[in-house]
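Structural overview for review
Single-letter residue listing:
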Amino acid sequence: LEQQVPQEVADLRDVQASEIHDVFGVSEDSVAGDGDFAVRVGTTLMKEPEPEWVPLPLVSSLPAFKSKVEPAYPEAARRDGIEGLVILEVGIDENGRAFEVTVVQSGGHGFDEAAVEAMKNSVFYPAKRGDQPVAVRLRIPVRFSLR
């Protein structure tokens, strides 16, 4: 008898270890009574909840780079004399960590990947609402120019 891997488990192959925090689940032993309800038995992957975003007009100070990582210029683009602009939407949490980075405008030629990687490795002073650090989303342009 060949046992198939459940889809939920197969999907976990693409999850990075840093995204996994705790595993919770329901076992047959933990369900009390003979109720007529459906419960999936097994484990469920739980990710850290996303912070509650504060709209930019409501913050008293915007985030600023504490430690800015410059993106690596893609070698093929440098060799071919290509410059580019990537616009990223960056979620910055109340600890100044950029953990949600998406490309809004692509620069192609390997610029997108370099910009995202650099932004994820950068550290920020968080935005503030009054004296309280808050999570925000903002767009950050990353220009690649040959000097």
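Here's a quick rundown of the structure. (Residues numbered from 1 in each chain as written. Predicted model: local features only at pLDDT ≥ 70, side-chain atom pairs only at ≥ 80, totals over all residues. Heavy atoms only, no water.)

**So, the environment of Glu89**
Relative to the helices and strands, Glu89 resides in strand β4 (residues 84-92). Once the C-alpha coordinates of Glu89 and Val116 are considered, the two residues, 27 residues apart in sequence, prove to be 9.7 Å apart. With residues near it in sequence (within four places) discarded, Glu89 still touches Glu100, Val101, Thr102, Val104, Arg137, Leu138 and Arg139. (Helix = DSSP H or I, 4+ residues; strand = E, 2+ residues; numbered from the N terminus. Contact = heavy atoms within 4.5 Å.)

**Details of unusual backbone geometry**
What you tend to see is this: most non-glycine residues have negative phi, and most peptide bonds are trans. Even without a glycine there, the phi angle at His109 is positive, about 55°. Looking at where His109 falls in the secondary structure, it is placed in the loop between β5 (98-105) and α3 (111-121).

**Observations regarding the pattern of salt bridges**
This model, assessed by the stated rule, comprises six salt bridges. As a salt-bridge pair, Glu70 and Lys68 come within 3.9 Å of each other at their nearest N and O atoms. Residue class for Lys68 comes out partly exposed when judged on its relative accessible area of 48%. The partner of Asp80 in a salt bridge is Arg79, with the nearest N and O atoms 3.9 Å apart. (Salt bridge = Lys/Arg side-chain N within 4 Å of Asp/Glu carboxyl O. Buried < 20%, exposed > 50% of the residue type's maximum accessible area, 1.4 Å probe, protein only.)

**Side note on the packing of aromatic side chains**
This structure, assessed with the given rule, holds five aromatic pairs. Between the aromatic rings of Trp53 and Phe99, the centroid separation amounts to 6.0 Å while the plane-to-plane angle is 20°, which identifies the pairing as stacked. Taken together, the positions of Trp53 in the loop between β2 (42-46) and β3 (64-67) and Phe99 in strand β5 put the pair 46 residues apart, joining distant regions of the chain. Aromatic rings pair up to connect Tyr73, Phe111 and Phe144 into one cluster. A cation over an aromatic ring shows up here: Lys68 above the ring of Phe65, its NZ or CZ 5.0 Å from the ring centre. (Phe/Tyr/Trp six-rings, centres within 6.5 Å; stacked < 30°, edge-to-face > 60°. Lys NZ or Arg CZ within 6 Å of the ring centre and 35° of its normal.)

**Focus on the nonpolar core**
Counting residues in hydrophobic clusters, the biggest one holds 23 residues, and the most contacted among them are Leu88, Val90, Val101, Met119 and Phe144. For this core, the secondary-structure elements that each account for two or more residues are β4, β5, α3 and β9 (136-144). (Core = buried A, V, L, I, M, F, W, Y, C linked by side-chain atoms within 4.5 Å.)

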